[in-house]
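# Structural overview for review
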Amino acid sequence: AVAMSTKSFEPPSRIAKTCEIARIYSECDLINFESDSHALVDHDDSHATNSIEESKPPAVSKRFTVERMDEKIVEAKYAVRGTVAVKAAQLKGALARGETLPFKSLTLCNIGNPHAVKQKPITYYRQVAAAMYMPELASDSSKLVASGLFPEDVVRRAAEYHGATGGSGVGAYTDSIGLQLVREQVAAFLAERDGYPADPALI
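Residues numbered from 1 in each chain as written. Predicted model: local features only at pLDDT ≥ 70, side-chain atom pairs only at ≥ 80, totals over all residues. Heavy atoms only, no water.

## Some words on the overall build of the protein
What counts is decided by this rule: Secondary structure elements are defined from DSSP: runs of H or I of at least 4 residues count as helices, runs of E of at least 2 residues count as strands, and each element is numbered from the N terminus. Note on areas: Shrake-Rupley, 1.4 Å probe, and residue coverage restricted to the protein chains presented here.
Tallying secondary structure elements over the protein gives nine helices and zero strands in all. Accessible surface, the protein: about 16200 Å² in total, of which carbon and sulfur atoms supply 58%.

## A closer look at the packing of helix α8 (residues 152-164) against helix α9 (residues 180-194)
Between two packed helices, the angle of one axis relative to the other and the distance separating the axes together describe the packing. Convention followed: Angles here are taken between N-to-C directions and fall from 0 to 180 degrees, while the axes themselves are lines fitted to C-alpha atoms, restricted in helices to the stretch in contact. Any angle from 65 to 115 degrees is called roughly perpendicular, while one under 35 is roughly parallel, one over 145 is roughly antiparallel, and all others are oblique. In this analysis, two residues are considered to be in contact whenever any of their non-hydrogen atoms come within 4.5 Å of each other. Classes in brief: Ala, Val, Leu, Ile, Met, Phe, Trp, Tyr, Cys and Pro nonpolar; Asp, Glu, Lys and Arg charged; the others, Gly included, polar.
Contact pair α8 / α9: the axes reach a minimum separation of 8 Å and the direction vectors enclose 125°. Between α8 and α9, the interaxial angle falls into the category oblique. Residue-level contacts link Arg157, Glu160, Tyr161 and Ala164 of α8 to Leu181, Val182 and Gln185 of α9. When grouped by side-chain class, the residues that make up the contact of α8 with α9 number four nonpolar, one polar and two charged.

## Focus on helix α4 (residues 83-96)
Operational definition: To estimate the expected span of a helix, subtract one from its residue number and multiply by 1.5 Å. Under the scheme applied here, a residue whose accessible area is under 20% of the maximum for its type counts as buried, over 50% as exposed, and between as partly exposed, the area being computed with a 1.4 Å probe on protein chains only.
Spanning 14 residues, α4 covers 20 Å between terminal C-alpha atoms, matching the ideal 20 Å at 1.5 Å per step. Considered for burial, the residues of α4 that qualify are Ala88, Gly93 and Ala94. A positive backbone phi angle near 85° is found at Gly98, which sits one or two residues after α4.

## Re the environment of Ala159
With respect to the secondary-structure elements, Ala159 resides in helix α8. Residue classification places Ala159 among the partly exposed residues on the basis of a relative accessible area of 30%. For the pair Ala159 and Ser141, spaced 18 residues apart in the sequence, the C-alpha separation amounts to 7.1 Å.

## So, the packing of aromatic side chains
Our working rule: For this analysis, a ring pair means two rings from Phe, Tyr or Trp (six-membered ring only for Trp) whose centres lie within 6.5 Å, classed as stacked if their planes differ by under 30 degrees, edge-to-face if by over 60, and tilted for the remaining angles.
Under the defined criterion, the tally for this structure stands at one aromatic pair. Between the aromatic rings of Tyr124 and Tyr125, the centroid separation amounts to 6.1 Å while the plane-to-plane angle is 65°, which identifies the pairing as edge-to-face. Looking at Tyr124, the relative accessible area reads 28%, which means it is partly exposed. Overall, the relative accessible area of 57% leaves Tyr125 in the exposed class.

## Some words on the nonpolar core
Here is the rule we go by: We define a nonpolar core as any set of buried Ala, Val, Leu, Ile, Met, Phe, Trp, Tyr and Cys residues linked to one another through side-chain atoms lying within 4.5 Å.
Within the largest apolar cluster, eleven residues are counted, these being Val128, Ala131, Met132, Leu137, Leu144, Phe150, Val154, Val155, Ala158, Tyr161 and Leu181. At the level of elements, α5 (123-132) and α8 are the ones that each hand at least two residues to this core. Take this core: its biggest share by element is four residues, from α8. Apart from residues lying up to four places away in sequence, Val154 is in contact with Tyr124, Gln127, Val128 and Ala131.

## Section: the packing of α5 against α8
Keep this limit in mind: Crossings are sorted by hand: turned counterclockwise from the far helix by less than a right angle, the near helix makes the crossing left-handed, and turned clockwise it makes it right-handed.
Two elements in contact, α5 and α8, have axes separated by 9 Å at closest approach and are oriented at 50°. Accordingly, the angle class assigned to the pair α5 and α8 is oblique. Considering only the axes of α5 and α8, their crossing is right-handed. From α5, Tyr124, Gln127, Val128, Ala131 and Met132 reach across to α8, where they touch Asp153, Val154, Arg157, Ala158, Tyr161 and His162. A per-class count over the contact of α5 with α8 returns seven nonpolar, two polar and two charged.

What follows is the structure in structure tokens.
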């Protein structure tokens, strides 16, 4: 019979990784401490060395931990899911059930929500994105203009982007750094705005 340990098995790779992380922490703590110590002691090398050795703190003295964080940061709440949002959800449910409240509608303002307060969206961007999904764009883009759904400049820009995908459309992957055409347009915009040339390869 083989005796089995009751302790949970830890793979060697995990143990090695844990030890490596602990070693890195210790080295960083020591570097930080020695840097601070050299700034405080005089220029006598022997005295500096002795001071460091005599007053060396525990290995984790410089590590940033929750215990060292400002209490206000630790206690901070994510307001998007906080008390206001929870109460708003309750009130919204009450309105949906037909319960009588001092108001008839609810507008959530605990986060930036401009369209909820009737701010008109920027039409051009949405129209270009919508046109990119229209089958007519690939076959005959003039049909989109003739239909009256999209202005001519919108169709022209959408067709330009569609062509930059090699005719594959938005359903295909682009280069990992994005469409070349779009990066060139961004570079041109930056150059015009800032007065310095921009390299599309770095965008």
